Structure formats: C-alpha cells, structure tokens
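Breakdown of the fold
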Amino acid sequence: MSELKITNASDKLTNSNVEFLASVSDSLIKSKERVKEYGEVFTPEHIVKQMCDLCEPNISDITKKIFEPTCGNGSFLVEILKRKLNSIIFKTSTKNNKIYVSSDTEFNILIALSNIYAVDIQQDNIKEARSRLETVIFNYINSFKTKEDSSISNSSTFLQAMTEILKANIIRGDTLKDKKTLYFYDFIPNKEDKSFEVTKYSLQEIEKIASNTKVIKLNTFKEDILSLKHPPEKNGSTVKKRKIKAVPSEQGELF
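Structural notes on the nonpolar core
Counting residues in each nonpolar core, the largest one holds 50 residues, and the members touching the most others are Leu81, Leu85, Ile137 and Phe184. At seven residues, helix H6 (residues 123-142) tops the list of elements feeding residues into this core. Sequence-distant contacts of isoleucine 137, defined by excluding residues within four places in its chain, comprise Leu81, Leu85, Ile109, Leu113, Phe158 and Met162.

Rendered as structure tokens:
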C-alpha cells in the first residue's frame, strides 16, 4: 500500500504555552487538559489548505492513498476529501421520475473515500471526523441540485458502503504502540462490476512492505535491485524472523 503521510502531531506543551494557545483561539483546542496530556492542538484551516497545496496533484487523485496518523477531528481529511471529490465528473440518472446520483459517480465517490486513512487516540475525534467526512460527501452531492431538482437521492447500497468504509478507515488507536493491532484495508476497485478487492494489513505489515519498496532509477538500476535483494543488516547482525500471532482487534471486519 503506497501512502502519502500528512502529520499534524504536536509535542507535549508547557503550561505557559497551553495558556497562550487557549487565549489565541478556543477553536484550536478542546481542553487545556488534552493539550497537556496529548499535545492536542488542531491545525488552522488556512494552514491545512497550504499544506495540502504542497501535496498536489497526488492529493486530488481519487486513486492515491492518504494516511493521517494523528488526524484529530479530521481537518486535513475534510480538505483532502473535498479535493478528491472535486476531481470527479458528477452525473445523475432518472428512475420513476426521481433523480439519483449515477452508479458511476457513486462508485467514484467510494473510491475516493476508500483511499483516505486516519488514526487518532481519542474516540470523540474519530466520531467527529467520520461525521465531517460524511457531511462533505452529502454537501458535494447537494451542490449539484438545481431549482428544478427538489432532491438528488443515493442508492441504499452506496450509503451502506460509505458508512462501512468510514468505520474501517477512520479508526481509534495509537500508531506508536498499536502497530500489530491496528488494521487497514486496501481497496482495489473493479469498475466493470463496481466491486472492491479488499486486503487486510496490520500497520506493522504495511511498514514492512514499505521498507521493502524502493523507487528505482534507470541510471542506478543494478545497485538499487541489489540493495533490495541484500538489504543491510540491522545493528550489525541478521534480524531473525519470528511468527506473529493474530491479536483480536476492536475494529470490525469490513467484509
């Protein structure tokens, strides 16, 4: 699973800094206690936009995966999803004199959503982030209403899939401590029958895959291939392989 990381984690702050942040803007923190304990300070919207600008054009591509390891209440996720949705050609269909979002559009929305992953240590942040992403999708659909359209409806299968993807991809956990028990789902879309091939990975497995992945340039092809075949030993000794037992997760299975 390839990924683009955007991190807005903060170090634990001193009491004076906490007081300063609280006086600057209450919208940047939920409580002084959470700032002290977790370094939880939310990123202002204008900075979120500037940081996302630096990640274009990949960030707007619905097929590119984005991982936010400390997502807070989802400010980065909201901006990322908006950009992905704006790259989708919106189409509708009519059935029984009622206007529906076309199945192609619905599937593209699900592709965009399925490629956004996030973790936060606070459950209330996760709940809020999921809700905000859901709102982004509905606002996107509603933005195409005309005066003649009293409503544009979604299929029940789309709504159910959207909810399950949000539950699977936006999760509570600690990316430093829970590498073995945090699970993510790699969604590979098949547009012909509008299905997903889904593979489950732990965060530990994803990091291992990333360590065995390398961009190879033609002028250093031989050296780069050799470095993958014979990676340098860690701490001067060969790393022994060990079996990892599956640990039950609080996350539900998607399928």
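Details of the pairing of strand S3 (residues 92-95)
In the sheet, S3 pairs with strand S4 (residues 98-101) via four bridges, with the strands oriented antiparallel. Bridging across to S4, threonine 92 finds its partner in valine 101. Linking two consecutive strands that pair antiparallel, namely S3 and S4, is a turn of two residues; a positive phi of about 55° is found at asparagine 96 within it.

Section: the side chain of serine 60
Within the secondary structure, serine 60 is located in the loop between helix H3 (45-53) and strand S2 (66-68). With residues near it in sequence (within four places) discarded, serine 60 still touches Arg83, Lys84 and Ser87.

Section: helix H7 (residues 156-169)
Its 14 residues give H7 an end-to-end C-alpha distance of 20 Å, which sits within 8% of 20 Å, the value for a rise of 1.5 Å per residue. Among the residues of H7, those classed as buried are Phe158, Met162, Ile165, Leu166, Ala168 and Asn169. All buried residues of H7 fall inside an arc of 165° around its axis, so they share one side. Residues of H7 that are exposed and angled more than 90 degrees away from the buried face: Ser156, Thr157 and Gln160. Of the surrounding elements, those touching the buried residues of H7 are helix H5 (103-114), strand S5 (116-120), H6, strand S6 (170-172) and strand S7 (183-190).

Overview of the pattern of salt bridges
Applying the stated criterion across every chain yields a total of nine salt bridges. Between aspartate 104 and lysine 194 there is a salt bridge, with its nearest N and O atoms 2.9 Å apart. Of this pair, aspartate 104 sits in helix H5 while lysine 194 sits in the loop between S7 and strand S8 (195-202); the two residues are 90 residues apart in sequence, bridging distant segments of the chain. By relative accessible area, which is 43% here, aspartate 104 ends up partly exposed. Glutamate 207 is paired through a salt bridge with lysine 179; the nearest N and O atoms lie 2.8 Å apart.

What counts, and at which threshold
Within each chain, residues carry numbers counting from 1 in the order of the written sequence. pLDDT decides what is reported in this predicted model: residues at 70 or higher carry local features, side-chain atom pairs at 80 or more are listed and counted, and totals for whole chains, interfaces and linings draw on all residues regardless. The basis for the side-chain values is all heavy atoms of the structure; hydrogens and waters are excluded. Buried Ala, Val, Leu, Ile, Met, Phe, Trp, Tyr and Cys residues form a nonpolar core when they are joined through side-chain atoms within 4.5 Å. Remark: exposure states derive from per-residue accessible area (1.4 Å probe, protein chains only) relative to the maximum for the residue type, with buried under 20%, exposed over 50%, and partly exposed in between. Strands are runs of DSSP state E lasting at least two residues, helices are runs of H or I lasting at least four, and both sets are numbered from the N terminus onward. Contact between two residues is taken to exist if any of their heavy atoms lie within 4.5 Å; hydrogens are not considered. Strand pairing is assigned whenever DSSP detects at least two bridges linking the two strands. Helix span, as expected, comes to 1.5 Å for every residue beyond the first. Directions are taken from the helix axis to each C-beta atom, and the arc is the one they span. Definition used for salt bridges: Asp or Glu carboxyl oxygen within 4 Å of a side-chain nitrogen of Lys or Arg.

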